Amino acid sequence: MLHDLAARLFPLRRSLTGNGVRATLAVLTERLPSLVQHEVTTGTPVLDWTVPDEWNWRAAWIADEQGRRLVDADVHGLHLMGYSVPVRRRMAWPALKSHLHTIPDQPDRIPYRTAYYADTWGFCLRHRTFLDLDRRGEDAIYEVCIDATRGPGALTYGEVVLPGASDETVLISAHVCHPMLANDNLSGVVVAAAVAEQLAKRGARRYTYRFVWAPGTVGAITWLAENEEVVPTIRHGLILANLGDAGGFTYKQSRPGTFNDAPAEVDRAVGVALRDAGERPDVRPFTPYGYDERQYGSTGFDLPIGCFTRTPYGEYPEYHTSADDLTLISEAQLQDAVARLVDVIDVLEANRHLRARVPHGEPQLGRRGLYRALGGHPNAPTQQMAMLWTLNMAAPDETARFDLIAVAERSGLPFAAIREAADLLEEHGLVERLRSERTRRF
Amino acid sequence: MLHDLAARLFPLRRSLTGNGVRATLAVLTERLPSLVQHEVTTGTPVLDWTVPDEWNWRAAWIADEQGRRLVDADVHGLHLMGYSVPVRRRMAWPALKSHLHTIPDQPDRIPYRTAYYADTWGFCLRHRTFLDLDRRGEDAIYEVCIDATRGPGALTYGEVVLPGASDETVLISAHVCHPMLANDNLSGVVVAAAVAEQLAKRGARRYTYRFVWAPGTVGAITWLAENEEVVPTIRHGLILANLGDAGGFTYKQSRPGTFNDAPAEVDRAVGVALRDAGERPDVRPFTPYGYDERQYGSTGFDLPIGCFTRTPYGEYPEYHTSADDLTLISEAQLQDAVARLVDVIDVLEANRHLRARVPHGEPQLGRRGLYRALGGHPNAPTQQMAMLWTLNMAAPDETARFDLIAVAERSGLPFAAIREAADLLEEHGLVERLRSERTRRF
Amino acid sequence: MLHDLAARLFPLRRSLTGNGVRATLAVLTERLPSLVQHEVTTGTPVLDWTVPDEWNWRAAWIADEQGRRLVDADVHGLHLMGYSVPVRRRMAWPALKSHLHTIPDQPDRIPYRTAYYADTWGFCLRHRTFLDLDRRGEDAIYEVCIDATRGPGALTYGEVVLPGASDETVLISAHVCHPMLANDNLSGVVVAAAVAEQLAKRGARRYTYRFVWAPGTVGAITWLAENEEVVPTIRHGLILANLGDAGGFTYKQSRPGTFNDAPAEVDRAVGVALRDAGERPDVRPFTPYGYDERQYGSTGFDLPIGCFTRTPYGEYPEYHTSADDLTLISEAQLQDAVARLVDVIDVLEANRHLRARVPHGEPQLGRRGLYRALGGHPNAPTQQMAMLWTLNMAAPDETARFDLIAVAERSGLPFAAIREAADLLEEHGLVERLRSERTRRF
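A. Just the overall build of chain A, in detail. What chain A contains, in helices and strands, is 14 helices and 18 strands. Principal-axis analysis of the C-alpha atoms places the extent of chain A at approximately 95 × 45 × 40 Å. Burial analysis of chain A (442 residues in total) assigns 61% to the buried set. Residue pairs in contact within chain A that sit at least 24 positions apart in sequence constitute 81% of those at least 6 positions apart. Carbon and sulfur atoms make up 50% of the accessible area of chain A, which totals about 16,000 Å².

Shown next, in the form of structure tokens:
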């Protein structure tokens, strides 16, 4: 059960770096034995960045003079602002106040805040709690403790590589840096794991698949820097996030798909897979803001990697608050996301450019047992229509033009029907893969 | 009168092959003396197919034990399933039933069915008749007679060639294989004949025109196989069908016009011709299903041939039933289709790319008597606007860019006005045909 | 005050040629000392045309037999049809009538008519006056006087050249041939002057600006003929007209912007400048009718010059009548047009193609003080988004792809924010101009 897995991962103390990420990956490894934890040492140059200090914390609280813990990160991990420097000090309210973060218009929710790359510390709390403290007056004295370490260590990411017939690669990535937020992004973390599990069981894969669980931004940058030889093999990719909430799918197209004014193959694969499942996704163009598609889609990489979510970041009220908890995500929505992603992968695996071996006129399907013998009906059944479309859109020569996704798009027929028709026509020698696709290693 | 012609052709026993087609072409030859009947022998390889056996029938009926004819193809030709093998036999109801075809939800109509390329026989009847027979019980015995021959012979098609200044060819084709169905496709057969008659009377034609009356699918395939040297000269073409019913025009674009995301010249000619006639056709993209555009638009040929109809096949309730009779088609609709097709041909004949001989600034039309001398009016009349548009969209050099259809499309002015403006401007030496078009043989 | 300037220019006797144009330019020279009056002699060949005769008039009236002046061009300059040949003669009503022009359905307005290139004369009058005269009967005798000269002289146009760092040129042009019509086109004349004044005060200009006040059609043709060496340097241009009325902006795209199916840079600059000012202009495609964009946009020149107006010619009821007077135009609308044109120029001046110097992954903005250190907020402020968009859309190599206008368009952010982001990123060495743009002379 994916929800159970998310529940197990929920309390772990994830951040950009540190033991919470390692513990999370360790849990995933139980299901994915081939998962490798990569550790990249603090200070390593990665593209324009350097791997940051590692951060871990043991305790974090605010107590009153009587020692009563008023805010305690053991009670809820979001109370501690991520990457806070250690502190142990008595402070009056005015000084403490400047380190506190709340959401005044959602007074019962703890916000999620981080202090990456800043030399500061802070607590996040319910605005209601903040007001209680404020009522104690300016002179109230508090004891503040953040028992944390921030210093040399490593950035950790997990990776599962599933080799295929070709080293052409599909990259699937989920950010793993958020503590105690369920939809953003335990949903993406567990959906990626479930898809990897399913694919791992397959006997044959056309593509090599790489599943990456890494912290946002600097994690993706580190992966890109550490995988220079892999990057040129990436053909398709998806960033997974926010996949457990009750919303429908939103798909943010890849940068090349957006900027070339022609959707990339992965964008089109998502399109037909969701269409065939009866989904009506909200398809949006690439923007250089969001999740790690920003890095994969930076101008120098321009990789065809889209972002596959349900309700996008910032568009649900629970986003980046303590209300993004395990009640926000459901088993059914998580499983449905897995199923649709497997559909997308099935489309990518089967997609290809065909060449017609009988390009002039329709081949006589009847003679080959491929056609109903009794004529005159106005509506030919789906399978026959799929054959006619596949034959008609096959190239007359070696020039690639329409792939099977294009046939499914234009015909309006399910991709599965087109794939079956293509298989049948290949079997009967009426179409064949373009030579250029046959010489590729799959 | 075209309706009279259709009425004469109606009872003839047309099928893929046989004497009904020959008789039909013989009637057309009365109006088109240059019509040639081509006979292609059974077994001739034609592309991926072979010419089928010829089929003719003399009688076909079902009688009861008293010899009363309950179903008789002499009463309505559709009763006999096309290409039925001969049979003469006494049968009980259960055995006979499996050879009968009806339309249960249109109980008073005889369906049209064929058994091309299948070794079977059948009768088509009103469902009401079927129920009457059924009520006679399982034990009733019937005598069945199909006095038909199916064997070596020929496939027949008719062709009229009207030579033009150029051997660049316009192909106009109508399928001639349907028995006793008026809209599908005696309407196309007689409209093609009427257009051919009109064009034959013209003193000068830019293009060579080929009018083809052939059985559907295998007829088109045979024509393509037998005319290998003609195919490369085809510049434009139209398939004609369903042109007599009360509906408006539907135009199915040619394959290149659809798949190149830029309508072909014939598609654009149909567009402006119908627009200028005040028609608002239902324009649809190419699909590899329908009439013989499937063959001309197979991937290896990819010819710019559209399909020009009123209500498309399968979209009127009388389609492929005995209700597609002479009452479904009207003289006015047939004649109007002829007129619009002649308009399309007029556009194709006049369309060309022009080069501006005075490309810098507007030429001074006034000095040449081409402009009203009195200025200041906000709305210049059509003819002047047509001159300005034609001049402005003429190429500054030998690079073809906009043809006259494009000028008519963009300006919103009638093609006839643009053509007149172009003629006038050519006369005054302000534009000339592109050299590339002048060296073509017309 | 621009309206005061228009009021001063209003009574001057402008036409295609003559002293009224000279007097108009002389008034503009008071504000624009660098304005040069060019005189091109009658008979000079200019493209396909020749410079026409010069026309000046001293008096023009129709009197009755008692010497009472019934129509007098001293009372309203529109009474005299432009370019009328001299006449002094007594005439009966039927003969006179054929020389009179009125607007029957706007009986209180004098129409504007000209007789360019025609050997005739005429008067324009209120239809009400015409009916008064008509009531005097067919036998009434009138004295007609047009004291005018039409003969060798010159065509006059004014030009202000503001040199820039580059000789790449922006052309701004307004037709100056209309007498006593305020919106068409004193509005364009004074707006062009005000924009020129503002630009003249700037210390640095990237582009060279040429402001041209010339008579319509033959004036533009003369300018083009006389400036053969300038034409190839024109990068952008705008025709100004009808800018004082109460309407919103209408922008007619340049010919290349329309015919290439991709707006030209000037078209896009107008688009973002007006968008950012909260305007929703009516954007229309190029047509070969209208103002001098017809000449600049003739097929041989095909210059990227749009037409910037409020209500277009012919679309307001006062157009080309005596009701197009100083009450139709307002200071506020004129000044607002000036402001928007300066916005457009600001966009053109700042627009450029950038190359990313850190193309792989996002550069670490935080380290450079360009990013808020505190993460987790869903909506980054405009300036940060502008940086991310500018970085992402910068070219990874020397291949120009998106300019800053494209970044503003796609991001939806104000051009000013994108320009500031680009400046900041250039300062920090994160982007640089494409080499091809650096070697251009600005």
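Back to the text.
B. Here's a closer look at the relation of the copies chain A and chain B. Mapping chain A onto chain B calls for a screw motion: a turn of 120 degrees about the axis and a shift of 0.2 Å along it, with 0.1 Å RMSD after fitting. Seen this way, the second copy is the image of the first under a three-fold rotation axis. Every residue of chain A has its C-alpha some distance from the rotation axis, and the shortest such distance is that of A:D261, at 8.1 Å.

C. Main features of the interface of chain A and chain B. Contact residues are listed per partner, giving 30 residues for chain A and 34 residues for chain B. Carbon and sulfur atoms make up 51% of the surface buried where chain A meets chain B, a total of about 2,600 Å² over both sides. On the chain A side of the contact with chain B, A:E362, A:Q364 and A:N392 bury the most area, a combined 25% of that side's loss. With a shortest N-O distance of 2.5 Å, B:R294 and A:E362 are connected by a salt bridge. The element that contributes the greatest number of residues to the side of chain A that touches chain B is helix α11 (residues 382–393) of chain A, accounting for six residues.

D. Layout of the packing of aromatic side chains. Tallied over the full model, the rule gives 42 aromatic pairs over all chains. Measuring from ring centre to ring centre gives 6.1 Å for B:Y313 and B:Y319, while their planes differ by 50 degrees; the resulting arrangement is tilted. Taking relative accessible area as the criterion, B:Y319 reaches 11% and is therefore assigned buried. Lying over the aromatic face of C:W57, C:R13 brings its terminal NZ or CZ to 3.6 Å of the ring centre. Lying over the aromatic face of C:F249, C:R310 brings its terminal NZ or CZ to 4.2 Å of the ring centre.

E. Layout of the interface of chain C and chain A. The partner chain A presents 33 residues to the 30 residues of chain C that form the contact. Looking at the side of chain C facing chain A, the largest losses of area belong to C:E362, C:Q364 and C:N392, adding up to 25% of the total buried there. For the pair chain C and chain A, the interface holds four salt bridges. Ranked by residue count, the leading element in the side of chain C that touches chain A is helix α11 (residues 382–393) of chain C, at six residues. Taken together, the residues of the side of chain C that touches chain A break down into 18 nonpolar, seven polar and five charged.

F. Layout of the pairing of strand β11 (residues 169–175) of chain B. Residue and element names in this part refer to chain B. Buried residues dominate β11, accounting for seven of its seven residues. Judged by which residues are buried, β11 turns out to be covered on both faces: T169, L171, S173 and H175 on one side and V170, I172 and A174 on the other are all buried. Bridge count for β11 against strand β12 (residues 208–214) is seven bridges, and the pairing is parallel. Residue pairing across strands places I172 opposite F211, the latter belonging to β12. Assessed by its sense of winding, the connection that carries the chain from β11 through helix α5 (residues 182–200) to β12 is right-handed. With six bridges connecting them, β11 and strand β13 (residues 234–240) associate as parallel partners. From the neighbouring strand, L171 faces β13, where its bridge partner is G237.

Conventions adopted
- Residues numbered from 1 in each chain as written.
- Chains lettered and ligands numbered in written order.
- Predicted model: local features only at pLDDT ≥ 70, side-chain atom pairs only at ≥ 80, totals over all residues.
- Heavy atoms only, no water.
- Helix = DSSP H or I, 4+ residues; strand = E, 2+ residues; numbered from the N terminus.
- Buried < 20%, exposed > 50% of the residue type's maximum accessible area, 1.4 Å probe, protein only.
- Contact = heavy atoms within 4.5 Å.
- Areas by Shrake-Rupley, 256 points an atom, 1.4 Å probe, with all protein chains shown as cover.
- Least-squares fit on C-alpha atoms with pLDDT ≥ 70 in both.
- Buried area = accessible area lost by both parts, 1.4 Å probe.
- Salt bridge = Lys/Arg side-chain N within 4 Å of Asp/Glu carboxyl O.
- Phe/Tyr/Trp six-rings, centres within 6.5 Å; stacked < 30°, edge-to-face > 60°.
- Lys NZ or Arg CZ within 6 Å of the ring centre and 35° of its normal.
- Nonpolar A, V, L, I, M, F, W, Y, C, P; charged D, E, K, R; others polar.
- Pairing = 2+ DSSP bridges.
- Right-handed = clockwise from strand over helix to strand, strands pointing away.

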